[in-house]
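Chain and residue survey
Each chain, letter by letter, is given below.
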Amino acid sequence: MFSLRLPIPLVKTPPSSSSYSPYYLCPFHDPCQTRGLIVSKRGSATAKCHADVTLRHDRVSFAGESPDPFPAELAAEMMPKHVAVIMDGNGRWAKVKGLPPSAGHQAGVQSLRRMVRLCSSWGIKVLTVFAFSTDNWVRPKLEFDFLMRLFETTINSEVQAFKREGIQISVIGDSSKLPESLKRMIVSVEEDTKHNSRLQLIVALSYSGKYDVVQACKSVAKKVKDDHLHLDDINENIIEQELETNCTEFPYPDLLIRTSGELRVSNFLLWQLAYTELYFNQKLWPDFGKDEFVDALSSFQQRKRRYGGRHA
Amino acid sequence: MVSFTSFTEEEKDKAISINSVQEVNEVVALHDPDHMTLKFLSHADGREAVAKAANLIFVENMKQHKLGGELDLQILLEPQLNKALQIVGSKGPEPGLLLVYGPVRSHLGFPAWRLRYTEIM
């Protein structure tokens, strides 16, 4: 008898209070509607949003009250709690436009701002972004230095907005190689936003999945040495508690989005992605917008429903 | 190399099967250099294997009384974990391509340690 054993139970959606819900409808946009959405996206991209969105229990925004009303084709109760993103394609985006790589990274920051705003508006609790990998240290020093300065200027310019909008910032990764000024800024922004609870933005800087597993094993080893832990007690759960994603209540992403058409997880959250839904999108990261995000979320919800249907 | 994932219930049978498959694999590899390797993995080759490998490293270090200072922790690096995974029987090559069948677009606990740069379809 073949059986499937999953150490981590899939998130089960609570039974709907009513048998029929308009949110379960998945209308397909006709070309006219699509063009309208494109115009709307460009409009919202250029307009500055000063609206102060208050936290609501129903997590459903209403038109006019929020800069990003909840999409009609999505079901609020089936939204992922944790979304992870591999923001790939900045360099290629710049290249096809005849611009230097730095312009691609700057455009990538704009995409990240948009993603943070959408996650905040739509009730996603955790957003983890792969900003810089330990495997990226081979990049040219000029680009590396630019990236470090970009991280600093971005954090500096956004920290007030983060505090105002209830966003908590956490940074994971091997910080030993980062510039001192950036390290001080990280400590400061984590401290300033630690009480925020609307959205937790986890930024993976100088991070890799193997690094995380290795450092977790080191932490466990230290506890064994200090007699806080016995060898017989070492199991999966003990190691999980030492992974750097223990900074959040939801350390396991429900959905991973990888842009630029690559089909790899590229040494990102290796341990944590064991049962994550993987979504690969062709768009380069600077071009990944609201429509693409809605498509990814819709795809996620489709899979959950179909998966659940097998047990019905 | 193509890898498949399967799941079993019996821990004992699984342990025996893993050892037997390894021995057979080594014998075949010696006699047929142009062979293609077909590997069957189970749930125990994933996170459980990493925990076992970490435990093995700790045990060896405790035996050699090498956990006396901070420097000793530095030996716990990727090569050591790779070697320990091999000893517990769960090390393997990193597949170039991973095929996922069915409605779920997830790798369902495939050994994450090997998936660093694997293409997933």
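Residues numbered from 1 in each chain as written. Chains lettered and ligands numbered in written order. Predicted model: local features only at pLDDT ≥ 70, side-chain atom pairs only at ≥ 80, totals over all residues. Heavy atoms only, no water.

**Regarding the packing of aromatic side chains**
Residue and element names in this part refer to chain A.
- According to the stated counting rule, one finds eight aromatic pairs over all chains in the structure shown.
- Arranged with centres 5.7 Å apart and planes meeting at 50°, the rings of Phe132 and Phe144 form a pair that is tilted. Pair noted here: Phe132 is in strand β2 (residues 126-133) and Phe144 is in helix α4 (residues 141-164), with a separation of twelve residues, a long-range link. There is no split in this pair, since Phe132 and Phe144 are both buried.
- Between Tyr207 and Tyr211, the ring centres sit 6.3 Å apart and the planes meet at 80°, which makes this aromatic pair edge-to-face.
- Relative accessible area serves as the criterion here: at 0%, Tyr207 is assigned to the buried category. (Phe/Tyr/Trp six-rings, centres within 6.5 Å; stacked < 30°, edge-to-face > 60°. Helix = DSSP H or I, 4+ residues; strand = E, 2+ residues; numbered from the N terminus. Buried < 20%, exposed > 50% of the residue type's maximum accessible area, 1.4 Å probe, protein only.)

**Brief notes about the confidence of the model for chain B**
- When the pLDDT values of chain B are averaged, the result is 67; 55% of them are 70 or greater.
- Taken as a whole, residues 1-19 of chain B scores under 50 in pLDDT and shows 31 contacts with residues more than four places along the chain or in a different chain. (pLDDT = per-residue confidence, 0-100. Contact = heavy atoms within 4.5 Å.)

**A short note on a nonpolar patch on the surface**
- Together, Leu97, Leu99, Tyr101 and Met121 of chain B give the surface a local cluster of nonpolar side chains, amounting to about 450 Å² of exposed area.
- Mapped onto the fold, Tyr101 of chain B is located in the loop between β3 (97-98) and β4 (119-120). (Patch = residues over 30% accessible without salt bridge, like charges linked within 9 Å, V, L, I, M, F, W, Y side chains within 5 Å. Areas by Shrake-Rupley, 256 points an atom, 1.4 Å probe, with all protein chains shown as cover. Salt bridge = Lys/Arg side-chain N within 4 Å of Asp/Glu carboxyl O.)

**Comments concerning the side chain of Ser260 of chain A**
Residue and element names in this part refer to chain A.
- For Ser260, the position within the fold is in the loop between β5 (255-258) and β6 (277-280).
- Take Ser260: its relative accessible area is 9%, and that puts it in the buried class.
- Of the polar contacts made by the side chain of Ser260, one reaches the side chain of Asp88; its length is 2.8 Å.
- With residues up to four places along the chain from it excluded, the contact list for Ser260 reads Asp88, Gly89, Arg92, Asn281, Gln282, Lys283 and Leu284. (Polar contact = N/O pair within 3.5 Å; in protein donor to acceptor, adjacent residues only side chain to side chain.)

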